[in-house]
Amino acid sequence: MRKKNIVLIGFMGTGKSYIGEYIAKKLDMRFYDTDNIIEKDCKCKISYIFEKYGENYFRRVENKVVSEISKKEKVVISTGGGIVLYKSNVEILKKKGIIFLLDGSFNTIINNLYDDREKRPLLKGTDWKKKAMQLFLSRKELYYNSADYIINIDNKNKEDIAGEIINIYSFQK
Ligand code: S3P
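The sections below set out a description of the structure shown in this document. (Residues numbered from 1 in each chain as written. Predicted model: local features only at pLDDT ≥ 70, side-chain atom pairs only at ≥ 80, totals over all residues. Heavy atoms only, no water.)

### With respect to the site of the ligand
- For the ligand, the set of nearby residues contains 13 residues, the closest of which are Lys 16, Asp 35, Arg 59, Arg 120 and Arg 139.
- At 2.7 Å, a side-chain N or O of Lys 16 approaches an oxygen atom of the ligand.
- Take Arg 120: an N or O atom from its side chain is 2.8 Å from an oxygen atom of the ligand.
- In terms of residue class, the shell around the ligand is built from five nonpolar, three polar and five charged. (Near = heavy atom within 4 Å. Polar contact = N/O pair within 3.5 Å; in protein donor to acceptor, adjacent residues only side chain to side chain. Nonpolar A, V, L, I, M, F, W, Y, C, P; charged D, E, K, R; others polar.)

### Side note on the side chain of Ser 146
- When you line up the elements, Ser 146 lands in helix H7 (residues 128-146).
- Excluding residues within four positions of it along the chain, Ser 146 makes contact with Ile 9, Val 84, Val 90, Lys 94 and Ile 99. (Helix = DSSP H or I, 4+ residues; strand = E, 2+ residues; numbered from the N terminus. Contact = heavy atoms within 4.5 Å.)

### A look at the environment of Val 7
- Position of Val 7 among the secondary structure elements: in strand E1 (residues 5-10).
- You can call Val 7 buried: its relative accessible area is 1%.
- Considered as a pair, Val 7 and Ala 132 are 125 residues apart in the sequence and their alpha carbons are 23 Å apart.
- Residues contacting Val 7, with those up to four places away along its chain left out, are Ile 77, Thr 79, Leu 93, Gly 97, Ile 98, Ile 99 and Phe 100. (Buried < 20%, exposed > 50% of the residue type's maximum accessible area, 1.4 Å probe, protein only.)

### What about unusual backbone geometry?
- Here Asp 28, not a glycine, exhibits a phi torsion of approximately 55°, which is positive.
- Here Asp 28 is to be found in the loop between helix H1 (16-27) and strand E2 (30-33).
- Judged by its relative accessible area of 71%, Asp 28 falls in the exposed class.
- Not every positive phi belongs to a glycine, and Lys 43 is a case in point at roughly 50°.
- Secondary-structure assignment places Lys 43 in the loop between helix H2 (34-42) and helix H3 (46-53).

### Describing H7
- A rise of 1.5 Å per residue sets the reference length of H7, with its 19 residues, at 27 Å; its end C-alpha atoms lie 26 Å apart and thus fit the reference within 8%.
- In H7, a bend of some 45° at Arg 139 exceeds every other bend along the element.
- Every buried residue belonging to H7 is among Trp 128, Ala 132, Leu 135, Phe 136, Arg 139, Tyr 143 and Ser 146, and all of these are buried.
- Residues of H7 that are buried in the fold lie against E1, helix H4 (55-69), helix H5 (87-96), strand E4 (97-103) and helix H6 (106-113). (Expected span 1.5 Å × (residues − 1). Bend = angle between axes of the 7 residues up to and from the residue.)

### Observations regarding the packing of H3 against H4
- Remark: H3 packs on H4, axes separated minimally by 7 Å, with the N-to-C direction vectors making an angle of 130°. Comparing their axes, H4 and H3 come out oblique. When H3 is examined against H4, the residues Ile 46, Ile 49, Phe 50 and Tyr 53 are found in contact with a partner set consisting of Glu 55, Tyr 57, Phe 58 and Arg 59.
- The residue inventory of the contact of H3 with H4, partitioned by class, reads six nonpolar, no polar and two charged. (Axes fitted to C-alpha atoms, helices over the stretch in contact; angles between N-to-C directions. Parallel < 35°, antiparallel > 145°, perpendicular 65-115°, else oblique.)

Below, the structure written as structure tokens:
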């Protein structure tokens, strides 16, 4: 029987792209990253899309990209942190995929985000930690409700995290 897609969800800074790419290499599967696809298609940065057209527009584009890549089989998909905001994104991804939530403490996330926070339009400005905390709390339940498996990332390296996901995946039909 054909194996499902591996789908990574989680808050900004949980390493979805980094881990997804690594898993894809390890398992010799193709890798898709919704944010990368959006940036390639518009030939611009996500922060530019937010600034120029607003978040709602970005979410609609994101939803289209999710629909497109969800048609693929036996691939690894890393998603943007806001993917869970649209219920339909999760439903579409679940049809052919197993959803792994990369779940970390707020501390881990803040440390991971520190250098790259300017790339995240939702965290722009001086009170970025406060904004991150508000989003983190408001989305927590959505992430948990969307996940098939929850993978804790605190104090773990890429190999550990990917290893846990690959192990679970290897037992799936
Ligand atoms: C977002 C997360 C970002 C990107 C956009 C919005 C969010 O992706 O899609 O800035 O709403 O959490 P990462 O999770 O890869 O940072």
